[in-house]
Amino acid sequence: MLKKFLNVSKNTRIAVYKASAWLAVFQLIAMVPLVMIYKCISKMLESYANQGTFETSLILQIIAGTVIVISMYFAYRKMYKMKYINAASENLNMRMDLADKLRRLPESFLSKHDLSDLTSTIMDDIGIIEGVLANQVTEFIGGMLGILITVCALFFVNVKMTLALFAVLPFAALAMALCDPISGKTHQKNRDIKVSISERIQEYLENIKILKASGNIEDYQKKLWRTMGRLVPRLVLFEFLSGMSISTAYNLLRMGIGVVAMVGANLLVKGEISASVYLIFMLASVWVYEPLSYTCEHLGAVISSKVAANRIRHIMDYPEQTGSEVLAPSNYDIQFKNVDFAYKENGEKVLSDVSFTAKQGEYTALVGASGSGKSTICRLAARFWDNDSGEILVGGQNVKNLAPEELFKLFSIVFQDVTLFNDTIYNNILVGNKNATREQVIKAAEFAQCMPFIEKLPQGFDTVLGENGHTLSGGERQRLSIARAFLKDAPIVLLDESTASIDPETETKIQSAIEKLTNGRTVLMIAHRLRSIVNCDRIIVLDEGRVVGNGTHNELMKSCEVYKKLYTLQSE
Ligand SMILES: Nc1ncnc2c1ncn2[C@@H]1O[C@H](COP(=O)(O)OP(=O)(O)OP(=O)(O)O)[C@@H](O)[C@H]1O
C-alpha cells in the first residue's frame, strides 16, 4: 500500500524519505532520556543497596537534560519543515504536474472522463494525499525506522523482554492488513457515488433553464435526492467496517504494553531482570507503540487516500501522444488512406475505409447526414484522436509520427462549439496568436465581421465577457472564433459548421472574408447547407462513415445518389 503513495511522484518520494529520516533522528534523540533514566535508576538502586541511601548527580542530569531538549527542538524543527512545508510545496507541484499532463493527453482521455471528476482529482485528491504523506506515511516510516534501531539496542539489554515488547506486532499488522481490502472496496464505491452526485449537480445547474421550461425540474430534483440518499448507508457501512478492523489493530497494539508489564513482572519476580530493566522496557513500550498507534488511529484516512493515489496514478500513467517535434511537410495536403476509426476500443466503427485528399489551395467540403462522421474526420486530421488503421498524412507525413502540439500549429480551427474565456474580447481573440499586435487583433476582428457588436459594448475590445462569453449571442461567439482563426493564419483551415448561427447577410460578408483567409491554403469545411459549398473544388460525401461520393457539385449531381437526395431535399 505504501508503494502506491510513494509512487505518486519522485519528488514526493524523496520529501517523504527525508522527513521520515528526520523523524527517526528525532525519536532516537527522544530515546536518550530513557537511557538516562535507566542509568540514574540503576545508580540509585545500586547506591541504595550498597549504602542504604539514594545517590543522584543533579548537575550532570541538568546539563544532559538541557542538551537533549535543545537537540530535540532542532530535530523537530527540521522534521516539521520536511513534513509540512515540503508537503505543501509538493502539493502545488503535483497539481501543476497533473494539469500539465492533462494538456498532453489525447482527447480520447478527456472524452472518457468527466470534467468535475478531473477537477476533483486535481484539487481534492492531491489535498488528501498531501495530508496522508505529511502525517501518517511519514510517521509510519519514521516510526518503523526508530523501532528497528530500538530493537537492535534493546536486544543487548534483554532478549526475552525485547521479544515480549514486539509480540503483538504481527497480530496488529494482520488486523491492519485485513482492514485494507475490507474498507478499501467500500470507499471506492463511496467515491464513485460522490462523483456521480457532483456530475448530476453540475448537469442540474447547467440545465436549470431547460428543466424549468420543460416542467421537469421536480422530477430531476427527486432523482438527485435519491442519488444523494444512496450515499448515507454506504458511508455508515464504510465507517463501521473500517472502524471494526482499525479498533482491533489499535487495541492489539495497546495490549503490547500489557504484555511487557506481565512478562516483565514475571521475570522480575524470578530475578531474571532488575527493576531498572523492567522500568526501561515499560517506558520503551509506550514510546515504541506511539507512532504505530497513531498510524493505526488514522488508518481510515490512509485507506481513503489510496483511492485518491490510484486516481492520480491513472492520469500520470496514461500514455501520451508523442511524435517528432520537427515538421518538414512537403506541402499542406491532407490525405486519408483507408482510414478506419471507432471511438471505443473494439466499438462500432464510425469511419470505414475512408480515403480522399484535401489539396492545398483548394476548398474541400465534407457533407453527409448528421452522425455520418464529418466532425470525426476533422478531429482525426488534427490528431485530437488517433485513427485505428490506415494512414492520415499532412504534407506527406503520417500525423501519428508528429508531436500534436507541433501539428496544431499548422491548423486554424473554427469549432462548432465556441469556447470563450472570462476575459476581455481582445484577449479572447488573442488566443489565436498570443504574439499578435493590437493592430493585427483589430484587423482579424474586422475580417470576421466582429466590429458591429464590439463597438456597441461599453469598453469595446476591453469589455470583459462573462463565464464562457454567456453575454454574447451564438452568432457573435462564432464570429469571435473566426477572428481567432484569422489571427492564427495557419496553412490549414478547418471550418466546422462555422457559419451555422449567423444571419444570411453577415454570413455572406464572412464568406468573402474567409475566401481571403483561405487563399492558397488547405481548407476542409463542414457545412450542412449545401448551397454554401456548391462552388467548392471538391466535395466528399459521407454516409454512415463511408465515402460514397467524391467530386465537384456537378459531377456528384450526376453520379452520387446520396448527394443528389441531400441537395434536392434542401432546395425544396
Ligand atoms: N466523443 C465521442 N465518443 C463516442 N462517440 C462519438 C463521439 N463523438 C461522436 N461520436 C459518434 O460518432 C458518430 C459520428 O459523429 P460525428 O460528430 O463525426 O458526425 P457528424 O457527421 O459531424 O454529425 P453532425 O453533422 O451531427 O455534427 C456519431 O454516431 C456520434 O454519435
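A brief look at the structure comes next. No experiment lies behind these values; they were computed from the predicted model shown.

What counts, and at which threshold
The residue count restarts for each chain, going from 1 along the sequence in the order it is written. This being a predicted model, a pLDDT of at least 70 is required before a residue's local features are given, and a value of 80 or more before pairs of side-chain atoms are given or counted; all residues contribute to the totals for chains, interfaces and linings. To get the side-chain values, all heavy atoms of the structure are used, and hydrogens and water are removed first. Paired strands are those between which DSSP finds at least two bridges. Secondary structure elements are taken from DSSP: a helix is a run of H or I of four residues or more, a strand is a run of E of two residues or more, and numbering for both begins at the N terminus. Residues are counted as near a molecule or strand when any one of their heavy atoms sits within 4 Å of it. N or O atoms closer than or at 3.5 Å make up a polar contact, with two conditions inside protein: a donor-capable atom paired with an acceptor-capable one, and, for residues adjacent in sequence, both atoms drawn from side chains. Using the Shrake-Rupley algorithm and a 1.4 Å probe, accessible areas are obtained, with residue cover drawn only from the displayed protein chains. Residues are grouped as follows: Ala, Val, Leu, Ile, Met, Phe, Trp, Tyr, Cys and Pro are nonpolar; Asp, Glu, Lys and Arg are charged; every other residue, Gly included, is polar. Cavity means a closed set of points on a 1 Å grid over the protein atoms alone, one where a 1.4 Å probe fits but cannot get out, pocket means an open set with protein on both sides within 12 Å along at least 5 of 7 lines, and lining means a residue has an atom within 4 Å of a point. Grid points are joined across faces, edges and corners, and a volume is the space filled by probe spheres set on the points. Delimitation of the domains relies on an automatic or database domain assignment. An axis is simply a line fitted to the C-alpha atoms; with a helix, the fit covers only the stretch in contact. Between two such axes, the angle follows the N-to-C directions and lies from 0 to 180 degrees. We define a salt bridge as a side-chain nitrogen of Lys or Arg found within 4 Å of a carboxyl oxygen belonging to Asp or Glu. The buried label applies to any residue whose accessible area, calculated with a 1.4 Å probe on protein chains only, is under 20% of its type's maximum; exposed applies above 50%, and partly exposed to all values in between. Any two residues whose heavy atoms approach within 4.5 Å at even a single point are treated as in contact.

It is worth spelling out the sheet that holds strand E4 (residues 389-394) at this point. As summarised here, the arrangement of the four strands in space is E2-E1-E4-E5, forming an open sheet in which the pairing is antiparallel. In this open sheet, the two strands that pair with only one neighbour each are strand E2 (351-358) and strand E5 (397-398). In terms of strand pairing, E4 meets E5 through two bridges, oriented antiparallel. Of the residues in E5, the one forming a bridge with Leu393 is Asn398.

Now for the site of the ligand. Close contacts around the ligand come from 14 residues, with Ser370, Gly371, Lys374, Ser375 and Thr376 the closest. At 2.9 Å from an oxygen atom of the ligand is found a side-chain nitrogen or oxygen belonging to Lys374. In this structure, an oxygen atom belonging to the ligand sits 2.7 Å away from a side-chain N or O atom of Ser375. Contact with the protein chains hides 64% of the accessible area of the ligand, taken as 630 Å² for the molecule alone. Split into classes, the residues belonging to the shell around the ligand amount to four nonpolar, eight polar and two charged.

Attention now moves to the layout of surface pockets. A probe matching the size of a water molecule, rolled over the atoms, marks out where space remains unfilled. The computed volume of the largest pocket comes to approximately 2,000 Å³. Looking at the largest pocket, it is lined by 46 residues, and the ones nearest its centre are Glu107, Phe384, Phe408, Ile413 and Phe415. Those elements that provide at least two residues to the lining of the largest pocket are helix H3 (58-104), helix H4 (107-112), helix H5 (115-157), helix H12 (374-381), helix H13 (404-408), strand E6 (411-414), helix H17 (474-488) and strand E7 (492-496). Residues that form the lining of the largest pocket fall into these classes: 20 nonpolar, 12 polar and 14 charged. Built from parts of two domains, the lining of the largest pocket gets at least three residues from each of domain 1 (2-316) and domain 2 (334-571).

The six strands are arranged E6-E7-E8-E3-E9-E10 in an open sheet whose pairing can be described as mixed. Strand pairing shows two members of the sheet lacking a second neighbour, E6 and strand E10 (546-551), which therefore form its edges. Strand-to-strand twist in this sheet, taken as the mean axis angle between neighbours without regard to direction, amounts to 15 degrees. Bridge count between E6 and E7: four bridges; the pairing is parallel.

The next point concerns the pattern of salt bridges. Taken as a whole and judged by the stated rule, the model has 13 salt bridges. Glu272 is the partner of Lys160 in a salt bridge, and the nearest nitrogen-oxygen pair spans 3.0 Å. Taken together, the positions of Lys160 in helix H6 (residues 159-166) and Glu272 in the loop between helix H9 (217-270) and helix H10 (275-297) put the pair 112 residues apart, joining distant regions of the chain. Using a relative accessible area of 42% as the deciding quantity, one classes Glu272 as partly exposed. Among the salt bridges present, the one from Lys409 reaches Glu406, with a minimum N-O distance of 3.1 Å. Within this structure, Asp100, Lys101, Arg103, Arg104, Glu320 and Glu405 form a network of salt bridges that share partners.

Turning our attention to the side chain of Thr522. Tracing the backbone shows Thr522 in strand E8 (residues 522-526). For Thr522, a relative accessible area of 1% corresponds to the buried category. At 2.4 Å, the side chain of Thr522 forms a polar contact with the backbone oxygen of Tyr332. Apart from the residues within four sequence positions on either side, Thr522 is in contact with Tyr332, Asp333, Ile334, Ala358, Lys359, Gln360, Gly361, Glu362, Pro491, Ile492 and Val493.

Along the polypeptide, Ser412 turns up in strand E6. Given the relative accessible area of 1%, Ser412 is considered buried. Beyond its immediate chain neighbours, meaning those up to four positions away, Ser412 contacts Ala485, Lys488, Asp489, Ala490, Ile492, Val493 and Leu494.

By themselves, these observations are geometric and do not establish any function.
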